2 protein chains.
Amino acid sequence: MKKKVTIKEIARELDVSVSTVSKALRNRKEIGAETTQRIQAFAKLLNYKPNSIAISLKNKRSRNIGVIIPEIVHHFFTTVISGIETAANNLGYNVIVCLSNESFDKEVINMETLAGSSIDGFILSLTKETQKKKDFHHLLEVIDQGMPVVMFDRVTEEINCDKIVVDDAYAVYNATNHLILSGCKRIALLTTMDYVSVGKQRTMGYLNALNDAGIQVDENIIVRIENIEHCENQISSLFEDQKFDAVLSVNEVFAVTAMRQALNRGLKIPEDVSFIGFTNGLLSKYFYPRLTTIVQHGYKMGEKAAKILIERLEDEEEEEKPFIKEVIKTSLRERESTKSI
Amino acid sequence: MKKKVTIKEIARELDVSVSTVSKALRNRKEIGAETTQRIQAFAKLLNYKPNSIAISLKNKRSRNIGVIIPEIVHHFFTTVISGIETAANNLGYNVIVCLSNESFDKEVINMETLAGSSIDGFILSLTKETQKKKDFHHLLEVIDQGMPVVMFDRVTEEINCDKIVVDDAYAVYNATNHLILSGCKRIALLTTMDYVSVGKQRTMGYLNALNDAGIQVDENIIVRIENIEHCENQISSLFEDQKFDAVLSVNEVFAVTAMRQALNRGLKIPEDVSFIGFTNGLLSKYFYPRLTTIVQHGYKMGEKAAKILIERLEDEEEEEKPFIKEVIKTSLRERESTKSI
DNA sequence: TATTAACACGAAAACGTTTTTCTTAGTATA
DNA sequence: TATACTAAGAAAAACGTTTTCGTGTTAATA
């Protein structure tokens, strides 16, 4: 087992001072060409790797960014992480991932541990619990310590920071319109509780589309689902007296669960009922029939978030740049579960 | 923006030495009860948080563990990460995630950056490319520097370290048997190229099961798929002259793709053809019909990996414990795509 | 009373860097 | 010749901790 080689050892071996070694390695011109050359060659020979912890301590920055997401076993979030990771790595940063598991307490704990200085900034998406509680003291605290925060997808207006979201309302507005244009008259909505920021936005998009098309909103075909594990029953009650010819769902799982029930009852998709989901995951892509879906471009979102954060981190200017709110455009991926227009 | 408070400032304010503060905060008994009390109260008041980077530098350990996985948009890997994360957090460690994106080069780069001392140990699953190339110098290097490595799922015998795998061969052996017992006679296999360690193991399990049951192996109904994007054609050729009554697939996507084709041709599942997949993801759970699947218990695998790594990290003993190879038992989740026995 | 032990705390070194300041010799200028 | 300047490198301080080794009191013991 080889010992880690440090600048100090190089200095000793070459009989120069540590400062000389340090400068030589960083190509400072105050060190003679020959000495520099000699030191660099020796360092390479010994396979010297700078100790990043020492550098972090000295420079007061770790080049690590912390990412906190509610859940990782989730297509959308993994694509976002993927984007963050790629962008961050390209800019010389590492990504430390923490899972809040949709728990407020864990979100707080994660922030506190990470903020303990091994991290330069945060990217996060709020848990449902946090959105419900509206308790953001942990965010305020890290921001107050000068740590930049970028929120994505599940954001809150109550915190001042960079945000990056999807045009949820508009996306659903469009999708609803698409259904209307393809001839659907009675569009059911499978959504979440209103305290989930994105769920609320999406519901609004749906409502607006119906209004604009002069279609009466029917609360009986709007299903608000609290728990994904128990969505089956709530959805099946929709089918009791089937009064809809399309279903718009706020995620993949609700959509697919509804499709199964439709199939079970012998309904034809999309002839009898059309379906549109959200999140372009494996389910949408491979279900039979394949599900038309709103794609959120999570990868791009992640990239963008990382770039915004890092830009702020590397900004030397004294005056703070104003916070930005970036909206990522969704697109509709038409597949087999909808009629073409 | 509040400045970060350090031990030094506490010492100054309270007119004691930094060593006294440090000791008081860690409850050393060499500091008087009253002083300790006073210091702790003041630290709390100022919301003092130790600087973990400084601690890392001093203690030569960061309490960070690096995780490198081939792909994150993948159900199995996310469950593993989830397990790693939970176990690691419980033991006071943070998880730094890097993605190799199935690229050998990126795997090497990731290891090198992470090894640059901000990490105490590694957990990783090899990329396909690495398994094909059989080039493990980057692993040898970090191990040689005394950094413990735990490999999971996609492992190699050529490196000496802790490993944690699934009983792939046995799992598929069992699943095949299950199909045979349920009356299937001609079982097709959808698998990957042999250089993928797990693919190879799984194929072997299949072969052994057939042999033990005295069923002739038919190479025509074994499909080796290189690229998941182009599996459609290879699978459909299987159906040309359909000579099978069951399909065993080495992952979800192949299974579901085949099921779609069966459905398209009007075949009944499971009456005409039975299906078994691997990886208990959303697809298996929500496809119609629901897919019987081999569940790998990725979460448990991740937990185990983290525990093994951390145990080794915290082991003070001089003599190295021998490396262990833990096998996680799979189980078969029976659903609608197979006939019951 | 002199010696020792326990106690409570401070000083300083150390972790591995980077950076600022200081030194010395040699060279150029007036 | 005296002065200033430059180049090349050394020394030291700093980042925020932890830990080892003192050291001065006070209390207990011989």
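Residues numbered from 1 in each chain as written. Chains lettered and ligands numbered in written order. Predicted model: local features only at pLDDT ≥ 70, side-chain atom pairs only at ≥ 80, totals over all residues. Heavy atoms only, no water.

1. Regarding the nonpolar core
The condition is simple: Residue types Ala, Val, Leu, Ile, Met, Phe, Trp, Tyr and Cys, when buried and joined through side-chain atoms within 4.5 Å, form a set referred to as a nonpolar core. Relative accessibility decides the category of a residue: with a 1.4 Å probe and only protein chains considered, values under 20% of the type maximum give buried, values over 50% give exposed, and everything between is partly exposed. The contact criterion used is simple: two residues touch if any of their non-hydrogen atoms lie within 4.5 Å.
Among the nonpolar cores identified, the biggest contains 56 residues, and A:I65, A:I123, A:F152, B:I65, B:I123 and B:F152 are the most heavily contacted of them. For B:I65, the residues in contact, after removing those within four places along its chain, are B:I84, B:A88, B:Y93, B:N94, B:V95, B:I96, B:I119, B:G121, B:I123, B:L309 and B:L313. In terms of nonpolar packing, the next biggest core, distinct from the first, is built from 52 residues, A:V256, B:L190, B:V253 and B:L267 among them.

2. Quick notes on the protein's contact with DNA strand C
For clarity, the cut-off: Residues are counted as near a molecule or strand when any one of their heavy atoms sits within 4 Å of it. Polar contact is defined as a pair of N or O atoms within 3.5 Å, subject to the rule that within protein one atom must be able to donate a hydrogen and the other to accept it, and that residues adjacent in sequence are counted only when both atoms are side-chain atoms. Comment: elements are numbered from the N terminus, with helices defined as DSSP H or I runs of at least four residues and strands as E runs of at least two. Three classes are used, and their members are as follows: Ala, Val, Leu, Ile, Met, Phe, Trp, Tyr, Cys and Pro are nonpolar, Asp, Glu, Lys and Arg are charged, and the others, Gly among them, are polar.
Residues in close proximity to DNA strand C total 27 residues, the closest being A:S22, B:T20, B:K23, B:G32 and B:T35. The sugar-phosphate backbone supplies 62% of the atoms of DNA strand C found within 4 Å of the protein. A distance of 2.6 Å separates a base oxygen of DNA strand C from a polar atom in the side chain of B:K23. Interatomic distance of 3.3 Å between a side-chain N/O atom of B:E30 and a base nitrogen of DNA strand C. For the surface near DNA strand C, the secondary-structure elements that each account for two or more residues are α1 (7-14), α2 (18-25) and α4 (52-59) of chain A together with α2 (18-25) and α4 (52-59) of chain B. Tallied by class, the residues present in the surface near DNA strand C amount to eight nonpolar, nine polar and 10 charged.

3. Looking at the protein's contact with DNA strand D
In the vicinity of DNA strand D there are 27 residues, among which A:T20, A:K23, A:G32, A:T35 and B:S22 approach most closely. By atom count, sugar and phosphate contribute 59% of the portion of DNA strand D lying within 4 Å of the protein. At 2.7 Å from a phosphate oxygen of DNA strand D is found a side-chain nitrogen or oxygen belonging to B:S22. One nitrogen or oxygen atom from the main chain of B:N51 is found 3.3 Å from a phosphate oxygen belonging to DNA strand D. Secondary structure elements with two or more residues in the surface near DNA strand D: α2 and α4 of chain A together with α1 (7-14), α2 and α4 of chain B. Of the residues belonging to the surface near DNA strand D, the class tally is eight nonpolar, nine polar and 10 charged.

4. As for the interface of chain B and chain A
Put simply, the rule is: By convention, the term buried area covers the 1.4 Å-probe accessible surface removed from two parts as they join, with the contributions of both added. What counts as a salt bridge is simple: a side-chain nitrogen of Lys or Arg found within 4 Å of a carboxyl oxygen of Asp or Glu.
Contacts between chain B and chain A engage 55 residues on the former and 55 residues on the latter. For the pair chain B and chain A, the two sides together bury roughly 5,100 Å², of which 55% comes from carbon and sulfur. Seen at the junction of chain B and chain A, the total is three salt bridges. A salt bridge links A:R290 to B:E232; the shortest N-O distance between them is 4.0 Å. Mapped onto the side of chain B that touches chain A, the elements with two or more residues apiece are α4, α5 (75-90), β2 (94-99), α6 (104-115), α8 (137-144), α12 (252-264) and α13 (282-286) of chain B. Split by residue class, the side of chain B that touches chain A holds 23 nonpolar, 19 polar and 13 charged.

5. Description of the sheet that holds strand β6 (residues 187-192) of chain B
Residues and elements named next belong to chain B. Quick note on the threshold: In short, DSSP must find at least two bridges between two strands for them to pair. For helices, the axis comes from a line fit to the C-alpha atoms of the stretch in contact; other axes are also lines fit to C-alpha atoms, and the angle between any two N-to-C directions lies between 0 and 180 degrees.
Ordered by their spatial adjacency, six strands build an open sheet running β7-β6-β8-β9-β10-β12, and the pairing between neighbours is mixed. One side of each edge strand has no neighbouring strand; the edge strands of this open sheet are β7 (222-225) and β12 (331-333). Here the strands of the sheet are splayed against their neighbours by 20° on average, with no regard to which way each runs. Each of β6 and β7 touches helix α11 (residues 231-240); the most contacted strand, β7, lies at about 175° to it. Of the strands in this sheet, β6, β7, β8 (246-249) and β9 (274-278) touch α12, which is tilted by about 160° from β9.

6. Quick notes on the domain arrangement of chain A
What counts is decided by this rule: For every domain, the bounds stem from an assignment made automatically or drawn from a database.
Annotation of chain A at the domain level lists domain 1 (7-50), domain 2 (62-166 + 298-329) and domain 3 (168-296). Taking only C-alpha atoms, the centre of domain 1 of chain A and the centre of domain 3 of chain A are 65 Å apart.

7. Here's the deal with the packing of aromatic side chains
Residue and element names in this part refer to chain A. To be explicit about the condition: Stacked, edge-to-face and tilted are the three classes for Phe, Tyr and Trp ring pairs, Trp counted by its six-membered ring, which pair at centre distances within 6.5 Å; planes under 30 degrees apart are stacked, over 60 edge-to-face, the rest tilted. In this scheme, the term charge over a ring applies when either NZ of a lysine or CZ of an arginine sits within 6 Å of the ring centre and within 35 degrees of the ring normal.
For the coordinates displayed, the defined rule picks out seven aromatic pairs over all chains. Geometrically, the ring pair formed by F76 and F77 is tilted, given 5.4 Å between the ring centres and 50° between the ring planes. Here F77 falls in the buried class, since its relative accessible area comes to 2%. Above the face of the F278 ring, R202 is positioned so that its terminal group lies 3.7 Å from the ring centre.

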